[in-house]
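Spelled out from the first residue to the last, the chains are:
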Amino acid sequence: MGHQGEGAPLLILLLLSLFASCHGRIVKVPAGPLVRVENTEVVIPCNVSQYEGPSEQNFDWEFSRISAPDSRFVQVVSTWDPWFTSQEYKDRVDGKEITLRRNSNNSVELVIGNIRPADQGMYRCTTPSTDSVVQGNYNAVVEVKVIADGLTVAGSNTRSTSTWNLSEGDAFQLRCSASTNSSEHTHLHVSWEFRNGFAWQEILSLTHEGKFQPGSEYNERYISGDVRLDAMANDIYRLSVSQALPTDEGAYRCRVSEWVKGADASWQKIQEKAVDIANVVVQPTALGVFITRSNVSVTEGDSLDLTCNFTTDRSGIFQAEVRWYFSESPDSTMAEAQVLLSADRDSVVSDSTLISLSHVDRSSYHLLVRDVSTEDSGYYYCQATLWVPQHNGSWHKVAERTSVPVTVEVLALEPNYRVFLNATKTPKYAEDPTELECRITEVQNTETNVRFTVSWYYRLPMRSDEVVKDELLATMDADWTLVVGDRSKQRAQNGEIIFSKPTVDTFRLRIQWTSEADRGDYYCVISSWSRQRNNSWIKIKDVASVPVSILWSTQDYMLTVEAVKLKPFFMAGHTFEMTCKVSSQNIKTPRYSVLITAEKHLNDQSTPNGTTRIISLNQDSVVRREDWTDQERVDGVVLEKVQENEFRYRMYQTQISDAGLYRCVVTAWSPGGGGMWREAVNGLSNPIQIDFQTSGPVFNVSVESHKTTVYRGDLVKLDCIISIAGTVLSPDDMSFDVSWFAMHSIAIDGDPVFLASLDRKGIVTQAKRNGSSDVSLERISPMEFRLRIHGCEDQDFGNHYCLVTPWVRSTAGIWQQEMEVKSKPVLVTVKMDVLNAFKFPLLIGIGLSTIIGLLSCLIGYCSSRWCCKKEVQETRRERRRLMSMEMD
């Protein structure tokens, strides 16, 4: 008993977990009774939930005509057993009158095509068990009640299914009769529908709950009272439309549905009928609008007289609204056109000073424009709109038309004048000034409201077979605002080009410093402008001058540069000296800028293209060091101007690495505009070679490693060994700059990646690394340098090599830099240690498997101990000992 008391909490915990994981099967059908009408389709849904087994469940349907609980059910149809149907329903099931429609894995619908009175009774839905434990309900029953069809729907007796011809704006009414004598308490839902194509759309409905419900397209018309639905005596439902629109043309029908309230207090539709009522044809209102005159020509300052007339076939009460429009283009839309004047349906005319609109008669409107100007030239048209009153006092637009545009041309008196262009100053050489004057002569027919402006153009001289292209230099607006073109904008801002108007009839163009790009033809265009009524200006005429050519005789620039080596023989550590002599032709007062370049060996890592820019001197004698990076010889190069056309270059304490070809790059500059210098021509000198003939030591470099194939996390040691041939030097007279590089590929022509370096002063520089591995560099002997890679990773795979720059101290105590020496690459391969990689995952898996196994054994033992134990009452047996035969 003591052991049972100790296991009681664990037993309760297990029971709770088992109870939480158990769900009883639930089969559901709608709440009954279901009232349905004879000869209509009946759909009874059935679904199952909280079940075990496969996701797709099977269903059996049975029927009983007796409502008693112990009634006999007849098998109707099944989803899984084709022989389930009884003989009584076999013909109806084979004829698809009774079918099963599956909605999902756990839901089906029993569909009876035409239900009969004999189908009234109890329907039971059963699901075969797929559960491990029988729990819940496996069937559900619903009652179906079949009533006779008592719904009657018909159109009006007077104009049923006829065609109604209406005019736009007329009122019309349609009638529909609907009644029912059903034995059940049912409600009717009456809907009026309209079709002008393929689909029916709802107009207005009286629902089974007694509410009016307009369709989405008729909501506004229902609110305004234009569309109504009235329930009248003798079961008549009348649709009234007070204002027929062109969109109302089409077929109309009355659709009536019968509804009953179910056991769950929700409304259910049990049947529906519809009847066609009428076809409505709406004749749109005919409206014609025209202007009495066609093309009109008016002299500037006169009056423009136009009349707009309209015709219509509409009689009765209507009002007209007229608008006059103006457009500069015949293809303009109504939104782009300008409204001149308008008269609304109450004959109220909008206000204007120079334009008037008068109502001559019911269908005629007169437009008068006084004191016309050239800006009134264009296209005029009028628009007429007809409005009819509605029953609620508002107005409805029934027609709107626009007339054909009438072309109106206002003739202006153009002024007559001529334009003369003269070059008052022409250049003889480049950078000389150029001045052009554009004059207006022989002016006639000009008034006080006319002003003149100028536009300047440049034309590049071309061959006769090429297309001439004109470029705008500057143009002047009517208010004398100068707009400079792209070609001359920057120069005009700098004051190099000046546009001016010295007199009323003269315009001037001045180029302060004429360049080669200014050679070509120039002409001016004089525009005349006329002031309009609104104080705006309109261009009425353009007159262009005869082009004037700006040319001068030119010769090609010539520049010669000669480099001379002053000391033909010298050794390393001495001073190199060369001069550059320049001569030029056809350049006005030139100045020179000089650049010293050196072409070194291509193995120099600092200059990948082999050319180095050392020092330069510009045309203002300002010296600048370019790519000279030797920090120990910052002032080791000098460039100076000896004469106006002679320059001298010195390089002190030359090194072996300075060997190469040296040149002078010279640029000739001529004075430009505004005190600026203009580049004229470039020249390149002959090369001067620095070649050190020496029998000094020869250095060789190699890389060695005892272990080139390693695993991740291992240490790699690479030794860079320097050997010397030829002259024997003391270790104190030698020092080295050592750099290590890696190419992360098997190929040796990839891009090298810098790893670390050790200069001759013992300073170590390391590259920034992304991984967890690290490198270290040390000197293990005067001629050996070791690179260590700690904790190798996959990114350390590839070819590794070292680059050595030897430094040798001469007898004079000067350190000389020798040529760089590169070793052959050594391939380092990084592998993965499979055992170490899988050791910890295997240990974790074995541990988790052991824990899960022990936990399973513990749960089984507890279940057998307390959950499945039964009290067994054994039959009592007598225990008798066997007696000895001798005693017997």
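You'll find the structure just up there.
Quick caveat, the model's predicted, so the values are computed rather than measured. (Residues numbered from 1 in each chain as written. Predicted model: local features only at pLDDT ≥ 70, side-chain atom pairs only at ≥ 80, totals over all residues. Heavy atoms only, no water.)

Where do I start with the overall build of the protein in this structure?
Across its full length, the protein carries five helices and 61 strands. Counting only residues that meet the buried cut, the protein has 39% of its 888 residues in that class. By element, 51% of the accessible surface of the protein is carried by carbon and sulfur atoms, the whole surface being about 50600 Å². (Helix = DSSP H or I, 4+ residues; strand = E, 2+ residues; numbered from the N terminus. Buried < 20%, exposed > 50% of the residue type's maximum accessible area, 1.4 Å probe, protein only. Areas by Shrake-Rupley, 256 points an atom, 1.4 Å probe, with all protein chains shown as cover.)

Sorry, what's going on with the packing of aromatic side chains here?
For any two aromatic rings, the description comes down to two numbers: the centre-to-centre distance and the angle of the planes. Applying the stated criterion across every chain yields a total of 16 aromatic pairs. Both rings, one in Tyr325 and one in Tyr381, keep their centres 5.6 Å apart while their planes meet at 15°; by these two values the pair is stacked. Here Tyr381 lies in strand 27 (residues 378-389) and Tyr325 lies in strand 23 (residues 319-327), a separation of 56 residues in the sequence. Residue class for Tyr325 comes out buried when judged on its relative accessible area of 7%. Residue class for Tyr381 comes out buried when judged on its relative accessible area of 6%. Between Tyr457 and Tyr523 the ring centres are 5.2 Å apart and the planes differ by 10°, which places this aromatic pair in the stacked class. Placement of the pair is Tyr457 in strand 32 (residues 450-459) and Tyr523 in strand 37 (residues 520-531), with a sequence separation of 66 residues. Each residue in the set Phe63, Tyr89 and Tyr123 is aromatic and connected to the rest through ring pairs, giving one cluster. Over the face of the ring belonging to Trp480 we find Arg451, whose NZ or CZ atom lies 4.2 Å from the ring centre. (Phe/Tyr/Trp six-rings, centres within 6.5 Å; stacked < 30°, edge-to-face > 60°. Lys NZ or Arg CZ within 6 Å of the ring centre and 35° of its normal.)

Help me understand the sheet that holds strand 31 (residues 434-444), please; the structure alone is not making it clear to me.
In space, the four strands of this open sheet follow the order 30-31-36-35, with antiparallel pairing throughout. The open sheet has two free edges, formed respectively by strand 30 (416-425) and strand 35 (497-503), since each of these has just one partner strand. Between one strand and the next, the sheet's axes are offset by a mean angle of 20°, whatever the strand orientation. Pairing of strand 30 with strand 31 involves eight bridges; the strand directions are antiparallel. Residue pairing in the sheet places Asn416 in a bridge with Gln444 of strand 31. (Pairing = 2+ DSSP bridges. Axes fitted to C-alpha atoms, helices over the stretch in contact; angles between N-to-C directions.)

Whenever I open this one, the environment of Val454 confuses me. Can you help?
As for its placement among the helices and strands, Val454 is situated in strand 32. Once residues lying within four places of it in the same chain are set aside, the contact partners of Val454 are Cys438, Ala474, Thr475, Met476, Phe507, Cys524, Val525 and Ile526. (Contact = heavy atoms within 4.5 Å.)

Help me understand the sheet that holds strand 50 (residues 698-704) in this model?
Adjacent strands of a sheet pair through backbone hydrogen bonds, lying either parallel or antiparallel. Spatial strand order, 50-52-57-56: four strands in an open sheet with antiparallel pairing. Each edge of the sheet is formed by a strand with only one pairing partner; in this case those strands are strand 50 and strand 56 (774-781). Neighbour to neighbour, the strand axes of the sheet diverge by 20° on average, direction disregarded.

Looking at this structure, I do not really get the state of the cysteines. What am I missing?
Disulfide: a covalent bond connecting the sulfur atoms of a pair of cysteines. Enumeration over the complete set of coordinates arrives at six disulfides. One disulfide in the model links Cys46 with Cys125; its S-S distance is 2.1 Å. Because the torsion about its S-S bond is -85°, the bridge between Cys46 and Cys125 counts as left-handed. One end of the pair, Cys46, is in strand 3 (residues 42-49); the other, Cys125, is in strand 8 (residues 121-126), with 79 residues separating them in the sequence. Note on accessibility: Cys46 and Cys125 belong to one class, buried. Residue Cys438 pairs covalently with Cys524 via a disulfide, S to S 2.0 Å. Linking Cys438 and Cys524, the disulfide has an S-S dihedral of approximately 75° and is accordingly described as right-handed. In this pair, Cys438 is assigned in strand 31 and Cys524 in strand 37, connecting sequence segments 86 residues apart. If the cysteines joined by disulfides in the protein are listed in sequence order, their pairing comes out as 1-2, 3-4, 5-6, 7-8, 9-10, 11-12. (Disulfide = S-S within 2.5 Å.)

It is not clear to me how the pattern of salt bridges should be interpreted in this structure. Could you clarify?
One pass over the structure, following the stated rule, counts 43 salt bridges. The shortest N-O distance in the salt bridge between Asp131 and Arg25 comes to 3.0 Å. Residue Asp131 is found in the loop between strand 8 and strand 9 (139-147), and its partner Arg25 is found in the loop between helix 1 (2-21) and strand 1 (26-28); the two are separated by 106 residues along the sequence. No difference in accessibility class separates Asp131 from Arg25, as the two residues are buried. One network of salt bridges, with partners in common, ties together Glu193, Arg253, Arg255, Lys269 and Glu272. (Salt bridge = Lys/Arg side-chain N within 4 Å of Asp/Glu carboxyl O.)

I tried to follow the pairing of strand 45 (residues 637-643) on my own but got confused; where do I start?
Looking along a regular strand, one sees the side chains alternate between the two faces of the sheet. Sheet analysis places strand 45 next to strand 46 (residues 646-651), joined by six bridges and oriented antiparallel. Within strand 46, the position partnered with Val638 by the bridge is Arg650. As consecutive antiparallel partners, strand 45 and strand 46 are separated by two residues.

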